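Read off the chains here:
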Amino acid sequence: MAINESYAQISNILVYGSMGAYTFAMFSFATSFAQGRDTEINPSNGRKAGNIAMSLTWLGTFILGAGVLFRGLSASRVPWGNMYEFSISGTFGVMLVLMLISLKRDIRWLGLFIILPALLSLGLAITVLYTESAQLIPALKSYWLLIHVSAAVVSAGVFSIGGVVTILQMMVSRVENRVAAGLTPGRFEAVARRVPNAEVLDVFAYKVHAFVFPLWTFTVVAGAIWARSAWGRYWGWDPKETWAFITWVGYAAYLHARITVGWKGNRAAWIALAAFATFIFNYFIVNFFFQGLHVYSGK
Amino acid sequence: MTDQSKNPQNESLADSELSELAPGAELQQHSVDAAPIALGAVGWVRWMWRQLITMRTALQLLFLLAVASIPGSVFPQRTQSPLKVRQYFDENPTTAPILDRIGMFDVYGSSWFSAIYILLMISLVGCIIPRARVHWKSSRSLPPVAPRNLLRLRHSSTIQVSKTPSEVSQEFFPVLQKYLATKRWRTVVSELDANDPTSGYVSAERGYLRETGNLIFHLAIVVILISVAAGSLFGYRGQILVREGTSITNVLSQYDAFTPGRLFNTESLVPFNITLTDLAVTYEDTGIKAGTALDYAATISYRETPDSPLEKRTIGVNDPLNIGNSSMFLVGHGYAPRFEVRDAKGNLVFDDAVIFLPQDSNMTSTGVVKVADTDPQLGLQIIFAPTAVVTEQQGPHSLFPDLIDPKAFMSAWIGDLGLDTGRPQNVYTLDKTNLKRIGFEEIAVGETWDLPKNAGSVKLVGVDQFATFNIASDPAQNWALVGAILAIVGVIAGLYIQRRRMWVRVVTRDGQTWIEIAAMSRYEDVDVSSVVESITQFCASHFGVERFAEVTNEEKSH
């Protein structure tokens, strides 16, 4: 089937457009951050800039969603055939999850810390990972692509938000510990004054991770079922499979540390970050440097 | 029911809390106490057993399994790419043998990997059984006794009503109990005893399925571990190349490669028969990905057993043929050029299509033709290119995988092919020990090359295709699927279902009747304030009370 080049062009323009909206959103978040003192004492500080930032983020997310849609339309398939497409879809996944959470709770404090990695990810996508729109390699032609990869993309989004919240929690708890010990707040004071306290962040991070773990389990299982029909075995220790398993074990260890052993705060946070690191490793390092069956980096 | 310390239910509350907190915590306690000082053999075994079946050990083993699987993604593995292992040996002649000795090229089949795997399985079972026993008991026990002062709990509220405490206890509590039952709370009512002002309350609990889910999840992991192990012990994997228009039967001798599991029995091969009637491959012909295969599909007719009826279907990528426990997957394709060879007198001595192995993504392929019925014997070493070019750097090769300008580049050898030595021969190479090269030529389809030295002639008649099928059997794969589904269901129940406790008590304060409502959960992230809110609403509307005080004791629990 032919590639619709004009749709591919429209998609590229929309992705650039979303980056523009996100960049302005980032400046607004940064302004809000600079104006914000202690949110508890005077919540109206930086409120206006924060609202503008949220609106811009919504706008950027809609534009990015349209970009992903046109990328798929250009080849008449789901836009998950190579790393460029995973990256724009994954970033859209992160931002959509963030926007959905924002409908239920006030997470302006989180905006700046999510939009920075989102912009970085889009930047990497359009520079390093960019691939012309093309047909899928035969092994990817399966409805399991839709099931397995959509679950993976949403998981990526939630893992990223969990990772960012965990890092914030570690910064804040460092400040809180220093203050409790009678020391100066230290270098993360600016962050600590603008986000919720460490305990709230800790619980938030746990909820995010507990939500995503069953979804990631499903992602791995769906991948195994697909592998069975594509390659003749459901589990073959392909590097991608191995690292997906390692990520699964990492988050399982985090949940056990939290629930079974009763760890909280930094000790559990380190495990969550290690698990997130294996996820990122699987995405970037394994795709490019390890030889396996999951060869779709488009390079 | 006044003195809580004498109440056996209170003890069981503490017990079940402990078991939720750390399953096997009890056992851990024992093992710490029983430090192995001068224990004797039995004592040691018992101590090690107790260590093994703690949750902590299970977790450590799972972690170890994850770490142990890393080298398998770094070093090439024999089971996946034996060629790359050989290449690694060539490039690292000193380190490779050392790495090989510790199993780095077959990580997932190595003894140390199996050891971790088996220990993990045993450890998990050892964790699940006592935990299931505790859960069985606690899931049949009644909701726990109310704490003495409900308003000291983090989430609580209180309302004043214009009834006497005994009226509330006798009239309202049954109503409340019915209401809670519809909301799937398990309840127990403690009737107000005239001697004890705190004894009139309803106690309720829900979310027992959380622990059930946890247990199912961990059991499912064991099912998956066993299934994976059983599959690799009793299953097999193999590869068969089938030319268009020919048929194969699923017997060992037909396989080009065959890897049986350790306990695999050759006789369990299902003798199905398959004829490849057509192989269709389409390629991307424009753009940067020109030349990549877009799709391939094999049309076959087959019999499941020699006596079953002939059936027809297509095997595609992601669309295998399943017969019994065995499945047949289309994983690749290639060309089988058809040659006619005549001897010096013009007699036809060879007329067949020969499978050529693809060497690159544009299907430059290599193969040999061996003609044993001539004197001297004739061997042809051939490069076949579907879209042929010759360049100085690469020699003859193909520019595109489809048949646009197919050519065969042949060198002819005469002498003794070495077929009579009795040694098994590779059908893809020539043994040139007793052969002499007599010439080189390129021919297109329909062309004939008259061999030098009056050795006869070769004609490229046409080009057939062949399909590469992987045939695999995993007798335990359905169990693995069952395990995976159970694991997902279990983990959703174990993480999303929230276990909550709730109490409603009637008390007298300052001569007035008050109802106190409180709820708690062991998990700090579970939101119980909504429970308190909705039950308070229910009580208030029952008594027609419009105003009530919600007590949220943030500071108390810090």
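Scoring rules and cut-offs
- Residues numbered from 1 in each chain as written.
- Chains lettered and ligands numbered in written order.
- Predicted model: local features only at pLDDT ≥ 70, side-chain atom pairs only at ≥ 80, totals over all residues.
- Heavy atoms only, no water.
- Pairing = 2+ DSSP bridges.
- Helix = DSSP H or I, 4+ residues; strand = E, 2+ residues; numbered from the N terminus.
- Axes fitted to C-alpha atoms, helices over the stretch in contact; angles between N-to-C directions.
- pLDDT = per-residue confidence, 0-100.
- Contact = heavy atoms within 4.5 Å.
- Buried < 20%, exposed > 50% of the residue type's maximum accessible area, 1.4 Å probe, protein only.
- Polar contact = N/O pair within 3.5 Å; in protein donor to acceptor, adjacent residues only side chain to side chain.
- Core = buried A, V, L, I, M, F, W, Y, C linked by side-chain atoms within 4.5 Å.
- Salt bridge = Lys/Arg side-chain N within 4 Å of Asp/Glu carboxyl O.

### A short note on the sheet that holds strand E15 (residues 377–385) of chain B
All names here are of chain B. Strand order in the open sheet made by the 5 strands is E13-E14-E15-E18-E19, with antiparallel pairing throughout. The open sheet has two free edges, formed respectively by strand E13 (357–358) and strand E19 (435–444), since each of these has just one partner strand. Here 9 bridges tie strand E18 (residues 407–415) to E19, and the two strands are oriented antiparallel to one another. Bridged to Lys407 within E19 is Ala444.

### Let's talk about the sheet that holds strand E5 (residues 247–249) of chain B
Residues and elements named next belong to chain B. Taken together, 4 strands build an open sheet; the order of strands is E5-E7-E8-E9 and the sheet is antiparallel. Two strands close off the open sheet at either side, each with one partner strand: E5 and strand E9 (311–316). Taking the axes of each pair of neighbouring strands and ignoring which way they run, one obtains an average angle of 30° across the sheet. In the sheet, strand E7 (residues 273–283) pairs with strand E8 (residues 293–303) via 10 bridges, with the strands oriented antiparallel. Looking at the pairing, Tyr283 lines up with Ala293 of E8.

### A look at the confidence of the model for chain A
One rule of thumb: low pLDDT means the predicted coordinates there are not for detailed reading. Mean pLDDT for chain A: 84, with 90% of residues reaching 70 or above. For chain A, per-element mean pLDDT is lowest for helix H6 (residues 189–192) of chain A, which scores 81, and highest for helix H7 (residues 198–231) of chain A, which scores 91.

### Digging into the side chain of Ser87 of chain A
By the element assignment, Ser87 of chain A lies in helix H3 (residues 83–104). Leaving out residues up to four positions away in the same chain, Ser87 of chain A has contacts with Ser121, Ala125, Leu129 and Tyr283 of chain A.

### Things to note about the environment of Lys432 of chain B
Residues and elements named next belong to chain B. Along the chain, Lys432 turns up in the loop between E18 and E19. Look at Lys432 and you get partly exposed, because its relative accessible area is 33%. Sequence separation of Lys432 and Asp416 is 16 residues, and the distance between their C-alpha atoms is 8.4 Å. Among all residues touching Lys432, those that are not within four sequence positions of it are Gln381 and Trp413. Side-chain polar atoms of Lys432 contact the side chain of Gln381, separated by 3.0 Å.

### A few points about the nonpolar core
Within the largest apolar cluster, 119 residues are counted, with the highest numbers of intra-cluster contacts made by Leu110, Ile161 and Phe213 of chain A. The leading source of residues in this core is H7 of chain A, at 14 residues. Apart from residues no more than four positions distant in its own chain, Phe213 of chain A is found in contact with Trp248, Tyr251, Ala252 and Leu255 of chain A together with Phe217, Val491 and Leu495 of chain B. Residues Tyr283, Met328, Val341 and Phe384 of chain B belong to the second largest nonpolar core, which totals 53 residues.

### Concerning the side chain of Ser199 of chain B
Residues and elements named next belong to chain B. Topologically, Ser199 is positioned in the loop between strand E2 (186–190) and strand E3 (201–206). One polar contact links the side chain of Ser199 to the main-chain carbonyl oxygen of Asp196, over a distance of 2.9 Å. If we skip the residues at most four places from it in the chain, Ser199 touches Ser190, Glu191, Leu192 and Asp193.

### Let's talk about the environment of Val154 of chain A
Residue and element names in this part refer to chain A. Locating Val154 in the fold gives a position in helix H5 (residues 143–180). A relative accessible area of 34% means that Val154 is categorised as partly exposed. With 62 residues separating them in the primary sequence, Val154 and Trp216 have C-alpha atoms 9.0 Å apart.

### Remarks on the pattern of salt bridges
Pairs can form between side chains of opposite charge whenever their charged atoms are close. Residue and element names in this part refer to chain B. Within the structure shown, the criterion is met by 14 salt bridges over all chains. Notably, a salt bridge pairs Asp100 with Arg78, separated by 3.2 Å at the nearest N-O pair. Here Asp100, found in helix H7 (residues 95–101), pairs with Arg78, found in the loop between helix H5 (70–74) and helix H6 (82–91); they are 22 residues apart in sequence, far enough to count as distant. Taking the relative accessible area as the measure of exposure, Arg78 reaches 37% and is therefore partly exposed. Among the ionic pairs, Asp319 bridges to Arg313, the shortest N-O distance being 3.2 Å.

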